[in-house]
Structures are given as C-alpha cells and as structure tokens.
Amino acid sequence: MHSIIAGQTRSGKSTLAKTLSGILARRGEAVYVLDPKNSRWPGATWQTDDAENFMDVVKCCRDGFLFCDEASNYLYSRSSPLNWLAVGSAGYGFKAFFIVQRINQLSTVIRDQCDYLYLFLSAIGSCEVAAAEWGKKELLQAATIQRGSYLRAQKSTPAAPVLHNLFNPKGY
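Everything numeric here is computed off the predicted structure, so don't read it as measured data.

Moving on to the overall build of the protein chain. The helix and strand tally for the protein chain stands at 5 helices and 8 strands. When the helices and strands of the protein chain are placed in sequence order, the string is β-α-β-β-α-β-α-β-α-β-α-β-β. For the protein chain, the C-alpha radius of gyration of 15 Å lies close to 16 Å, the compact-globule estimate for 172 residues. Referenced to the eigenvectors of the C-alpha coordinate spread, the extents of the protein chain come out at roughly 40 × 35 × 30 Å. Burial status across the protein chain gives 48% buried among its 172 residues. For the protein chain, the accessible surface area stands at approximately 8,200 Å², while carbon and sulfur atoms represent 49% of it. In the protein chain, 19 side chains carry a positive charge and 14 a negative one; their mean positions are 7 Å apart.

The next point concerns the layout of surface pockets. Put simply, the second largest pocket is a space of about 280 Å³. Every residue lining the second largest pocket is counted, 14 residues in all, and those nearest its centre are Arg 10, Ser 11, Gly 12, Lys 13 and Thr 15. Per-class residue counts for the lining of the second largest pocket are 2 nonpolar, 7 polar and 5 charged.

Within the fold, Ser 122 resides in the loop between β6 (114-120) and α5 (124-134). Judged by its relative accessible area of 3%, Ser 122 falls in the buried class. At a separation of 2.7 Å, a polar atom in the side chain of Ser 122 contacts the main-chain carbonyl oxygen of Phe 120. Ignoring any residue separated from it by four or fewer positions in sequence, one finds Ser 122 in contact with Ala 6, Gly 7, Gln 8, Cys 127, Ala 142 and Ala 143.

What follows concerns the sheet that holds strand β3 (residues 46-48). Pairing between sheet strands relies on hydrogen bonds along the backbone, with the strands arranged either parallel or antiparallel. Strand order across the open sheet formed by 8 strands is β3-β2-β4-β5-β1-β6-β7-β8, with mixed pairing between neighbours. The sheet terminates laterally at β3 and β8 (162-165), the two strands that pair on one side only. For this sheet the average axis-to-axis angle between neighbouring strands, irrespective of direction, equals 15°.

In this section: the pairing of β6. Among the 7 residues of β6, 6 are classified as buried, and the element is accordingly described as predominantly covered. Sheet analysis places strand β1 (residues 2-6) next to β6, joined by 5 bridges and oriented parallel. Within the sheet, the bridge partner assigned to His 2 lies in β6 and is Cys 114.

The subject of this paragraph is the pairing of strand β2 (residues 31-34). Residues Val 31 and Val 33 of β2 are buried on one face, and the alternating residues Tyr 32 and Leu 34, pointing to the opposite face, are buried as well. With 4 bridges connecting them, β2 and strand β4 (residues 64-68) associate as parallel partners. Note on β4: the bridge partner recorded for Val 33 is Phe 67. As paired strands, β2 and β3 are joined by 3 bridges and run parallel to one another. Looking at the pairing, Val 33 lines up with Gln 47 of β3.

As a further point, take the nonpolar core. One finds Ile 4, Leu 85, Phe 98 and Leu 139 to be the most contacted residues of the largest nonpolar core, which totals 37 residues. The contacts of Ile 4, once residues within four sequence positions are left out, are Phe 98, Val 100, Ile 103, Leu 106, Arg 111, Cys 114, Tyr 116, Leu 117, Tyr 118 and Trp 134. Counting residues in each nonpolar core, the second largest holds 16 residues, with Leu 16, Val 33, Trp 41 and Phe 97 among its members.

Moving on to unusual backbone geometry. The phi angle of most residues is negative, glycine excepted, and most peptide bonds adopt the trans form. Here the phi dihedral of Arg 10 falls at roughly 65°; this positive angle occurs in a residue that is not glycine. Tracing the chain through its elements places Arg 10 in the loop between β1 and α1 (13-26). The exposure class assigned to Arg 10 is exposed, which follows from its relative accessible area of 75%. With phi around 65°, Asp 63 is a residue other than glycine that occupies positive phi space. With respect to the element layout, Asp 63 can be found in the loop between α2 (51-58) and β4.

Conventions we followed
Along each chain, numbering runs from 1 in the same order as the chain's sequence is written. Per-residue local features are limited, in this predicted model, to residues with pLDDT of at least 70; the limit for side-chain atom pairs, both in listing and counting, is 80 or more; totals at the level of whole chains, interfaces and linings are taken over all residues. The basis for the side-chain values is all heavy atoms of the structure; hydrogens and waters are excluded. For the purposes of this entry, the term helix denotes a DSSP run of H or I that reaches at least four residues, the term strand denotes a run of E that reaches at least two, and both are numbered from the N terminus. It is over C-alpha atoms that the radius of gyration is taken, and the globule rule equals 2.2 Å times the number of residues to the power 0.38. Residue exposure (1.4 Å probe, protein chains only): buried if accessible area is under 20% of the type maximum, exposed if over 50%, otherwise partly exposed. To be clear on the numbers: accessible area is Shrake-Rupley with a 1.4 Å probe, and residue cover counts the displayed protein chains and nothing else. Positive charges come from Lys and Arg alone, negative charges from Asp and Glu alone, with His and the N- and C-terminal ends not counted. Where a charge sits is defined by one atom per residue type, namely NZ (Lys), CZ (Arg), CG (Asp) or CD (Glu). For each structure, a 1 Å grid was placed over the protein atoms alone; sets of points admitting a 1.4 Å probe that cannot get out are labelled cavities, open sets with protein on both sides within 12 Å along at least five of seven lines are labelled pockets, and lining residues have an atom within 4 Å of a point. Grid points are joined across faces, edges and corners, and a volume is the space filled by probe spheres set on the points. Residue classes follow a fixed rule: Ala, Val, Leu, Ile, Met, Phe, Trp, Tyr, Cys and Pro count as nonpolar, while Asp, Glu, Lys and Arg count as charged, and any other residue, Gly among them, counts as polar. Polar contacts, as counted here, are pairs of nitrogen or oxygen atoms within 3.5 Å of one another; within protein the pair requires one atom able to donate a hydrogen and one able to accept it, and residues that are adjacent in sequence qualify only if both atoms are side-chain atoms. Should any heavy atoms of two residues lie within 4.5 Å, those residues are considered in contact. Two strands qualify as a pair provided that DSSP identifies no fewer than 2 bridges between them. Helix axes are fitted to C-alpha atoms over the stretch in contact, other axes to C-alpha atoms as well, and angles between N-to-C directions run from 0 to 180 degrees. Definition used in this section: a nonpolar core is a set of buried Ala, Val, Leu, Ile, Met, Phe, Trp, Tyr and Cys residues joined via side-chain atoms within 4.5 Å.

Below you can see the structure in the form of structure tokens.
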C-alpha cells in the first residue's frame, strides 16, 4: 500500500522521506524520486524534477518505491496523469510515498489508495481530515506536536497512531 507524509514546512517531512529512501536502497530496493527541487536523495536509483520524464521511466520498470516530493505540485487535479502513481502503480509492484504540506492537497482518490500516514506538525484542518479518514482521533494531536515528531498511523489496523521523533529514531 501507499503512504502519505504530511506536515508544515520544515517539520521534517523530507528528512523522513530521504531517510526511508536510504534505508530502502541499502536493502537493495529500487527507489525512484520525483522532486521539484531535484535535491539529493540518498540511494535513489533514479530521480528527476520532470514529471513527464518520471512517468515514462517508472512505467517501464517493475517493483520498487516511488517518492513524490511536493506532490501537490504534480497531483493538482483528478485528471492529472500522475494520479496513476496512486491508482495504477501498485499493479507494477510499486509502493508510493506522497509528500505534501497538507493532506487535503491530495484528492480523495489518492488518499483512499494510501494505507499509511506519517503526520507531522499540521494545521488543525489537515488533522481533522486525517482523523476522519484514518478513523483515529489521536491524529488531532499533530496540531500541537513538536517539529521533528510525527504520528504514524495505518488505516487497515485498529491500533492507535504511534508518536515518533526524527532525532530519536527508535520505532522506525
């Protein structure tokens, strides 16, 4: 299943995503990155800032992890060809990570395809959407957590979200 990493600017989203990409690469997994800033991603098999190029490459591949940083730049409408990352890429063996500032920047179609949520410090509106869609009222706490901390939740389990901190990586 796919994942969303959401939170305010400088809350730790990209740091977590890059940490996860490095861990996956060290395990021998293929990691494909779409990043509008084209910043360095540890262990990335391939990366670009060009959405069309990204789609051409990943549709020729099978299996791996897709990271779409600043996803709202690319997934701006229900008709965006990049919606395939959420609704079609699993059939190719991919697991996607959508990184956004606000969870409601992603359409419900995309959010419905995501089982995991990593919720950093967020506006209360984003927390309310997350709490309702994941069925976990504890996600409302993300409106007041410290920068660098996040709540990790999974839709398909009744377990409560778990609080993690980037600077104390126990529980990754």
